[in-house]
Amino acid sequence: MSDAPDMGDLIETDDPSFQHVLACVFGVQEHESRTYLTLLDNPGSTVAELADILDRDRSNVNRSLTTLMEKGLAGRERRLLDPGGYVYQYTGTPLPEAKEMLHEALDEWAERVHDSIDDYGGE
């Protein structure tokens, strides 16, 4: 079970940071939202490079990247190496696009809440 913050956590926070909003809305853990923000500052990074920057184990960074890709917050490209083989380079979804995704998700959630209020008939 994930210990990712959720919308309830967001509602209880008076002045949420962008990283906290990102974690709550997309249901990712704080370290995953930190990985996303690091990708924005370091596009085209490899897992090893991100692990160094974040001071985290490569396997943990790899899991964070998988989650971010599943949520549409990161992408990867394969780069061929001169001596042979390849390496994956990761890039975060551009901030304006991520912000739009956040707005859409929050708007959809708010609409569902409003519908629940409007649909309640009392008993």
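Residues numbered from 1 in each chain as written. Predicted model: local features only at pLDDT ≥ 70, side-chain atom pairs only at ≥ 80, totals over all residues. Heavy atoms only, no water.

Focus: the overall build of the chain
Looking only at helices and strands, the chain has 6 helices and 2 strands in total. In sequence order, the chain lays out its α and β elements as α-α-α-α-α-β-β-α. Since a compact globule built from 123 residues should have a radius of gyration of about 14 Å, the 18 Å found for the chain marks it as more spread out than a globular shape. In terms of overall dimensions, the chain has C-alpha extents of about 70 × 25 × 25 Å along its principal axes. When the 123 residues of the chain are sorted by exposure, 30% land in the buried category. Considering only residue pairs separated by 6 or more positions, the chain has 46% of its internal contacts joining residues 24 or more positions apart. Put simply, the chain shows about 8000 Å² of open surface, and 47% of that area lies on carbon and sulfur atoms. Taking the average location of the 10 positive side-chain charges in the chain and that of its 26 negative ones, the two points are 13 Å from each other. (Helix = DSSP H or I, 4+ residues; strand = E, 2+ residues; numbered from the N terminus. Rg over C-alpha atoms; globule rule 2.2 N^0.38 Å. Buried < 20%, exposed > 50% of the residue type's maximum accessible area, 1.4 Å probe, protein only. Contact = heavy atoms within 4.5 Å. Areas by Shrake-Rupley, 256 points an atom, 1.4 Å probe, with all protein chains shown as cover. Lys, Arg positive; Asp, Glu negative; His and termini not counted. Charge placed at Lys NZ, Arg CZ, Asp CG, Glu CD.)

Regarding the packing of helix α2 (residues 18-26) against helix α6 (residues 95-119)
Remark: α2 packs on α6, axes separated minimally by 10 Å, with the N-to-C direction vectors making an angle of 55°. Regarding the angle of α2 to α6, the classification is oblique. α2 and α6 meet at a crossing whose hand is left-handed. Contacts between α2 and α6 pair Phe18, Val21, Leu22, Val25 and Phe26 from the former with Leu95, Lys99, Met101, Leu102, Ala105 and Leu106 from the latter. By residue class, the composition of the contact of α2 with α6 is 10 nonpolar, no polar and 1 charged. (Axes fitted to C-alpha atoms, helices over the stretch in contact; angles between N-to-C directions. Parallel < 35°, antiparallel > 145°, perpendicular 65-115°, else oblique. Left-handed = near helix turned anticlockwise from the far one by under 90°. Nonpolar A, V, L, I, M, F, W, Y, C, P; charged D, E, K, R; others polar.)

Thoughts on the side chain of Thr35
Considering the arrangement of structural elements, one finds Thr35 in helix α3 (residues 30-41). Looking at Thr35, the relative accessible area reads 0%, which means it is buried. Leaving out residues up to four positions away in the same chain, Thr35 has contacts with Leu54, Arg56, Ser64, Leu65 and Leu68.

Section: a negative patch on the surface
On the surface, Glu100, Glu104, Asp107, Glu108, Glu111, Asp115, Asp118 and Asp119 cluster together into a patch of negative charge. Within the secondary structure layout, Asp115 lies in helix α6. (Patch = residues over 30% accessible without salt bridge, like charges linked within 9 Å, V, L, I, M, F, W, Y side chains within 5 Å. Salt bridge = Lys/Arg side-chain N within 4 Å of Asp/Glu carboxyl O.)

A few points about α3
The end-to-end C-alpha distance of α3, which contains 12 residues, comes to 17 Å, matching closely the 16 Å that a straight helix rising 1.5 Å per residue would cover. What α3 keeps buried is the set Glu32, Ser33, Thr35, Tyr36, Thr38 and Leu39. Elements that come into contact with the buried residues of α3 comprise α2, α4 (47-54), α5 (58-70), β1 (74-80), β2 (86-92) and α6. (Expected span 1.5 Å × (residues − 1).)

A look at the environment of Gln29
Positionally, Gln29 belongs in the loop between α2 and α3. Owing to a relative accessible area of 21%, Gln29 belongs among the partly exposed residues under this scheme. For the pair Gln29 and Thr67, spaced 38 residues apart in sequence, the C-alpha separation works out to 9.6 Å. A polar side-chain atom of Gln29 sits 2.8 Å from a polar atom in the side chain of His31. (Polar contact = N/O pair within 3.5 Å; in protein donor to acceptor, adjacent residues only side chain to side chain.)

Examining the UniProt feature "domain: Transcription regulator TrmB N-terminal" (unreviewed entry) in the chain
Per the UniProt record, "domain: Transcription regulator TrmB N-terminal" (unreviewed entry) is found at residues 22-79. Along residues 22-79, the helical share is 66% and the strand share 10%, with 29 Å between the first and last C-alpha atoms. (UniProt positions renumbered as here; feature names shortened; annotations may be inferred.)

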